[in-house]
Amino acid sequence: MMNYSYDVRIWEIKARKNRKGRVTSYSVRWKVDKEEFFESFKLRAQADSFRSELLLAQRAGERFDLGTGLPPQAKVTERVSWFDMTSKYVDMKWADLSATARQTTAEALRAPNAFGLGVVAR
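Starting afresh in each chain, residues are numbered from 1 along the sequence in its written order. Two thresholds apply to this predicted model, a pLDDT of at least 70 for residue-level local features and 80 or more for giving and counting side-chain atom pairs, whereas whole-chain, interface and lining totals are computed over all residues. Side-chain metrics rest on all non-hydrogen atoms present in the structure, leaving aside hydrogens and water.

Some remarks on the overall build of the protein
The helix and strand inventory of the protein stands at three helices and six strands. Secondary structure counts use DSSP, requiring at least four H or I residues in a row for a helix and at least two E residues in a row for a strand, with both numbered from the N terminus. In sequence order, the secondary structure elements of the protein are arranged as β-β-β-β-β-α-β-α-α. Using a 1.4 Å probe on the protein chains alone, a residue whose accessible area is under 20% of its type maximum counts as buried, one over 50% counts as exposed, and one in between counts as partly exposed. Counting over 122 residues, the protein shows a buried share of 23%. Residues are treated as being in contact if the distance between any of their heavy atoms lies within 4.5 Å. The long-range fraction of contacts in the protein, counting pairs at least 24 apart against all pairs at least 6 apart in sequence, stands at 41%. A 1.4 Å probe and the Shrake-Rupley method give the accessible areas. Residues count as covered only by the protein chains that appear here. Carbon and sulfur atoms make up 51% of the accessible area of the protein, which totals about 9,700 Å².

Side note on the nonpolar core
Counting residues in each nonpolar core, the largest one holds 16 residues, and the members touching the most others are Val 28, Trp 30, Phe 50 and Leu 54. For this core, the secondary-structure elements that each account for two or more residues are β2 (8-10), β4 (23-32), β5 (35-41) and α1 (44-59). Ranked by residue count, the leading element in this core is α1, at five residues. We call a set of buried Ala, Val, Leu, Ile, Met, Phe, Trp, Tyr and Cys residues a nonpolar core when their side-chain atoms join them within 4.5 Å.

Things to note about the pattern of salt bridges
Salt bridge, as applied in this entry: a Lys or Arg side-chain nitrogen positioned within 4 Å of an Asp or Glu carboxyl oxygen. Taken as a whole and assessed by the stated rule, the structure comprises two salt bridges. The partner of Glu 36 in a salt bridge is Arg 29, and the shortest N-O contact between them spans 3.1 Å. With relative accessibility at 34%, the residue Arg 29 sits in the partly exposed group.

Regarding α1
For a helix, the expected span equals 1.5 Å multiplied by the number of residues minus one. Between its first and last C-alpha, α1 extends 22 Å over 16 residues, near the 22 Å set by a 1.5 Å rise per residue. Where α1 is buried, its residues touch β2, β4, β5 and β6 (64-65). Positive backbone phi, at 80°, marks Gly 61, one or two positions downstream of α1.

Quick notes on the pairing of β5
Relative to β5, β4 runs antiparallel, the two being bridged by seven bridges. Residue pairing for β5: Val 28 is matched across the bridge by Glu 39. Following DSSP output, two strands are said to pair if at least two bridges run between them. The antiparallel hairpin formed by β4 and β5 contains two residues in its connecting segment, where Asp 33 sits at a positive phi of about 60°.

What about the packing of aromatic side chains?
Any two of the Phe, Tyr and Trp rings considered here, Trp counted by its six-membered ring, make a pair once their centres fall within 6.5 Å; the pair's planes then place it as stacked at under 30 degrees, edge-to-face at over 60, or tilted in between. The final tally for this structure, using the stated rule, is three aromatic pairs. Three or more aromatic residues link up through ring pairs in this structure, and these residues are Trp 30, Phe 37, Phe 41 and Phe 50. Sitting over the ring of Trp 11, Arg 29 keeps its end group 4.4 Å from the ring centre. Only when the NZ of Lys or the CZ of Arg is both within 6 Å of the ring centre and within 35 degrees of the ring normal is a charge said to sit over the ring. Seen from the ring of Tyr 4, Arg 63 lies directly overhead, with NZ or CZ sitting 3.8 Å from the centre.

Right, here's the structure in full:
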């Protein structure tokens, strides 16, 4: 099975709006072979930069990975789970926090469980 394709189509940046009509994010959509991909960004400049990288790779005749939708040289940001990110944050801050601040931090980090993120307070 072929893991790469040169058949790439990149669409314009689309602004995503909330119910009030305010722009909440900007999405870049592209298609590699028959698979569609998208990436969302908070700022239009970030979306434009990412789209430009895709266009440069496409124009240079680079092949795109069918699994990620990206050219092999593309910078892939590491996806970190909420739990891992939170653990690293707490490890970094805990020693310097007062008792009250520790309690407040622990309570605040329990809140995502209420939203169904599967975080269990211990």
